Amino acid sequence: MSNEEKAAETYEFQAEVRQLLDLMIHSLYSNREIFLRELVSNAADAADRLRFEALQDKTLLEDDPDPRVSIAVDNDARTVTISDNGIGMNRADVIDNLGTIARSGTRRFLDAMTGDQKQDAQLIGQFGVGFYSAFIVADQVTVHTRRAGEAADQGVLWRSDGKGEFSLESLPRDRRGTAVTLHLAEGQDEFLDRNRLRQIVRRYSDHIALPIELENEQGEMETANQASAMWMRPKSEITDEEYRQFYQQLSYDPEPPLEWIHNKVEGNQSYTSLLFIPAQRPFDLFEPDSSQGLRLYVRRVFIMEDRDSRLLPRYLRFVRGLVDSDDLPLNVSRELLQHNKLVDRIRGASVKRVLDTLERMARDDNDRYARFWEAFGTVLKEGPVEDPANAEKVAGLLRFHSTHGDGGSSVGLSDYVGRMHEGQKAIYYLTGESLAAVRNSPHLEVFRQRNIEVLLLAEPVDEWLVAHLTEFNGTPLQSVAKGDLEIDELGGADDETPKQPETSESVEALIARIGEALGDRVSAVRASSRLTDSPACIVVGDHEFGLNMQRMLKAAGHELPQQPPVLEINPQHSIIQRLAEDGNAPLDEWASLLLEQSMLMDGGRLEDPASFVRRMNRLLD
Ligand SMILES: Nc1ncnc2c1ncn2[C@@H]1O[C@H](COP(=O)(O)OP(=O)(O)OP(=O)(O)O)[C@@H](O)[C@H]1O
C-alpha cells in the first residue's frame, strides 16, 4: 500500500448530522449514560446481521463463530472501547453510515425536538439516536472496523471530534467487526469506573441475547448481562420486574407497559411470542414509516423487524415485542413472509391474544383501559376497516363520547345498547369536525328532548369507522344527520312526550315557497321532526356521505358528485310561524339565510360569506 493511500481523507458531516450532534451534546447532559446503550445496541445489531448473513455463507464466521460485545477501559489514556465481532463496515459503509448521508430518522428526530431539555431527553430515549451519542461524553471518537469476509488490509479507521468533519484512513485489522473508542471529554471520568459501566449495561442491555463482556480490574473479561433469550424461559420463573426491564430495553419507553402476553405454543408448529401493550404513545405512531413492528426471530436468531405488518395488522401497531419461531426457515425473506401459512397462523393467534387481553382489561380494570384508550384508541378505530373478520370484537373495545353521562370518552357500544329505550331500533351517532360542534348540533335537539343517547364522533377516523361498522351485535348504527327521521319510531316516546303536531297549511305553503326560492341549492325542503330549538337544519340522504366526510374527501382532493342537501324546517319555531303569517316578508332572503345558517351550524363553510353577512344585516335592520 502506498503512502498516499494511507493518508487520511477528510469529509464534512452532512448538515443535518451536524445539527443533530450539536443538539445532542447540548440537550442530553442529564442523560449522558445512554451513549453506552446506543453503542452496545449497534454492536449487538452488527452481531445479529453477521449471524444472519452467515446462514448463507459460513466462511464469514472465520475462526470466531460466537457473537460477543466487549467493553474495555484504559484509565491512562482515559478511553472506553466498545468492540464487536459482528458484520463490520468497509470504507463505503463507513462513509454512508457515519456522517455523510442523513438517515431518515435524523430529520424526523430533529423535527420532533421541542427545545425542552427534559422532554427532549425522553424523546431521545425513545428514538435511539445511535452512534452520534458517543459525542455526549467524548471529545474524540475513533472507529476501527473491517467488514466480515474482506481481507485484513481492508480495515478502515474513522476519526472525529464531532465538530463538523471526520477523517478516514486505511488501517489493517486482523479481526472482523468494529471497535468504537471514546476519548472521554473533561469531566466524564465517571465512565472509566467499571462498576458504573456494569450498572449501565445491566440497566439498559441486560436482555440483549448475546454476552456483553466487561474487562474487570484484573484485566479478565466478565459477562455483565444476562445474555439469554429471556422469552425462552418458563413464565413462572420470570419476575414482573424482569418483564418490565425487558420491555424497556426493547422499546426505550421509560413508562412500564400496561400488560404483557407471553405464550409458548407447541405442537405441529412451535413458536414463542412475547407481546407488550405500552402505556404511552410513541411520537411516531401516526407516521407512515414509523419504527413500530414486532421483532421476528427464528430459533433465537434475530431475522428482522416486521415493518410490513405481517405479524400483526396495522391497527395493532402499538404492540411491541417479538415472535420466535422454531419452524420458519432461517433464511426467511420479506417476500417469503408475505405468503406463508405459518406466519398467517401466528398472526391470527397474536391478534386474538391482543384483543382478548384488551377485552379483559376493559372488563376488569377501567382505569387501565382508559389509559390504553387515551393512548391508542384512535389507532384501534382503524380495526373494523382493516380487519373485517374481527370487526365485531374490535367494535366491542371502542369507546366514544356521548350525550350520556359526564361527557368523557368512555362509552362502549354494549353500554349504549344496555341503555337503549324500549322500541329503539338503532345506535344513534353524530359525526363532525370537533366535539364542540357535534355537542351543540341542532341534530341532537329531538334526541335530547326524548332523552335518547347519541354517540358523539369527532375524530377524522370516525367517518371511516362508521362507513364500515354498520351494526353492532345485530343493532344497526345510524347517523342522526342522515335521512328522514321517523320520529315515532325513534323509541323513547312515552305518553308524556308530545307527539309531533301536524304542520299547518300556511307552514306547508311556506315550505314550498322556500323550496322554490332555493332552487337547485337544495334537493328538497321539508318539515323537520328533528328540531325543537333551531328553525332549520340540513340533512343528507341515508346513503350519501355526511357533510363532514364530504369536506374531508374534498380536502384530500377527491371529486364528489354534486349532492345538494335537504333543508329541514322546524314548523314550531317562531321565526317560521311568523314568516308563514307575513305575506310581505322578503322570502328569497329568508330562505337563503336559513340555508346558510344551517350550513354554518353543521361546521360547513360558505362559498360567499360576505353576502351572508350583508343579508343578515339587511334582515336585522
Ligand atoms: N458496531 C457497528 N458495526 C457495524 N455497523 C455499525 C456499527 N455501528 C453503527 N453501524 C452502522 O452505522 C449505521 C448508523 O448507526 P446509528 O446508530 O447512527 O443508527 P442506526 O443504528 O441505524 O439507528 P438507531 O440507533 O436509531 O437504531 C447503522 O445503521 C449501521 O449500519
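Parameters at a glance
- Residues numbered from 1 in each chain as written.
- Predicted model: local features only at pLDDT ≥ 70, side-chain atom pairs only at ≥ 80, totals over all residues.
- Heavy atoms only, no water.
- UniProt positions renumbered as here; feature names shortened; annotations may be inferred.
- Helix = DSSP H or I, 4+ residues; strand = E, 2+ residues; numbered from the N terminus.
- Axes fitted to C-alpha atoms, helices over the stretch in contact; angles between N-to-C directions.
- Parallel < 35°, antiparallel > 145°, perpendicular 65-115°, else oblique.
- Contact = heavy atoms within 4.5 Å.
- Nonpolar A, V, L, I, M, F, W, Y, C, P; charged D, E, K, R; others polar.
- 1 Å grid on protein atoms, 1.4 Å probe; cavity = no way out; pocket = protein on both sides within 12 Å on 5 of 7 lines; lining within 4 Å.
- Points joined across faces, edges and corners; volume = space filled by probe spheres on them.
- Core = buried A, V, L, I, M, F, W, Y, C linked by side-chain atoms within 4.5 Å.
- Buried < 20%, exposed > 50% of the residue type's maximum accessible area, 1.4 Å probe, protein only.
- Domains from an automatic or database assignment.
- Salt bridge = Lys/Arg side-chain N within 4 Å of Asp/Glu carboxyl O.
- Phe/Tyr/Trp six-rings, centres within 6.5 Å; stacked < 30°, edge-to-face > 60°.
- Lys NZ or Arg CZ within 6 Å of the ring centre and 35° of its normal.
- Pairing = 2+ DSSP bridges.

As named in an unreviewed UniProt entry, the chain is Chaperone protein HtpG, taken from Spiribacter vilamensis. We quote the UniProt Function (unreviewed entry) comment for the chain here in full: "Molecular chaperone. Has ATPase activity."

With respect to the helices and strands, the residue H543 is situated in the loop between β21 (536-539) and α19 (547-555). Remark: the alpha-carbon pair of H543 and K482, spanning 61 residues in sequence, is separated by 8.1 Å.

For the rest of this paragraph, the subject is the packing of helix α18 (residues 505-518) against helix α20 (residues 574-581). It is the contact of α18 with α20, at a shortest axis distance of 9 Å, that shows an interaxial angle of 90°. Accordingly, the angle class assigned to the pair α18 and α20 is roughly perpendicular. On α20, the residues that touch S506, V507 and L510 of α18 are I576, L579, A580 and E581. Looking at the contact of α18 with α20 residue by residue, the classes come out as five nonpolar, one polar and one charged.

Leftover empty space is mapped by rolling, across the atoms, a probe with the size of a water molecule. Applying the stated rule across the entire model yields two cavities of 30 Å³ or more. In this model, the largest cavity occupies a volume close to 40 Å³. With three residues, the top contributor of residues to the lining of the largest cavity is helix α9 (residues 334-338). Residues belonging to the lining of the largest cavity are distributed by class as follows: two nonpolar, one polar and six charged.

Here we come to the nonpolar core. In terms of nonpolar packing, the biggest core is built from 70 residues, with L316, F318, L358, Y369, F372, L380 and L455 touching the most fellow members. Per-element tally for this core: the top contributor is helix α10 (residues 341-364), with nine residues. Both domains that furnish three or more residues to this core are identified here as domain 2 (230-372) and domain 3 (400-489). Among residues more than four places away in sequence, those in contact with L380 are Y315, L316, F318, L358, Y369, F372, W373, V394, L397 and L398. Counting residues in hydrophobic clusters, the runner-up holds 52 residues, among them A47, F131, F166 and L168.

Enumeration according to the criterion identifies 40 salt bridges in this entry. Measuring nitrogen to oxygen at the nearest pair gives 3.6 Å for the salt bridge that ties R615 to E589. A residue pair is termed long-range when its members are at least 10 positions apart, and R615 in helix α22 (residues 609-620) and E589 in helix α21 (residues 587-601) qualify at 26 residues. Pair check on accessibility: R615 and E589 agree, each one buried. Ionic pairing is found between R615 and E596, a salt bridge with its closest N-O pair at 2.9 Å. Residue R615 is located in helix α22, and its partner E596 is located in helix α21; the two are separated by 19 residues in the primary sequence. Just as R615 is buried, E596 falls in that class too.

Here the structure, examined in full by the defined rule, presents 20 aromatic pairs. Centroid distance W231 to F246: 6.0 Å. Interplanar angle 65°. Geometry classified as edge-to-face. Of this pair, W231 sits in the loop between β9 (221-223) and α8 (240-251) while F246 sits in helix α8, and the two are 15 residues apart along the sequence. Given the relative accessible area of 2%, W231 is considered buried. With a relative accessible area of 4%, F246 lands in the buried category. Through a chain of ring-to-ring contacts, the aromatic side chains of Y11, F13, F131, Y132, F135, W158 and F166 assemble into a single cluster. For the cation-ring pair, R295 lies above F302, with the distance from its terminal atom to the ring centre recorded as 4.0 Å.

Each pocket or cavity is described by its volume, and for the second largest pocket that value is around 810 Å³. What lines the second largest pocket is a set of 26 residues, and nearest its centre among them are K554, P565, M599, R605 and E607. Listed by contribution, the elements that provide at least two residues to the lining of the second largest pocket are α19, α21 and α22. The leading source of residues in the lining of the second largest pocket is α19, at five residues.

This brings us to the sheet that holds strand β18 (residues 471-472). In space, the five strands of this open sheet follow the order β15-β17-β16-β19-β18, with mixed pairing throughout. Among the strands making up the open sheet, the edge pair consists of β15 (401-402) and β18. Relative to strand β19 (residues 475-479), β18 runs antiparallel, the two being bridged by two bridges. Across the sheet, the residue bridging to F472 is T475, located in β19. Where helix α17 (residues 460-468) meets the sheet, it contacts β16 (427-431), β17 (455-457) and β19, and its direction lies at approximately 145° from that of β16.

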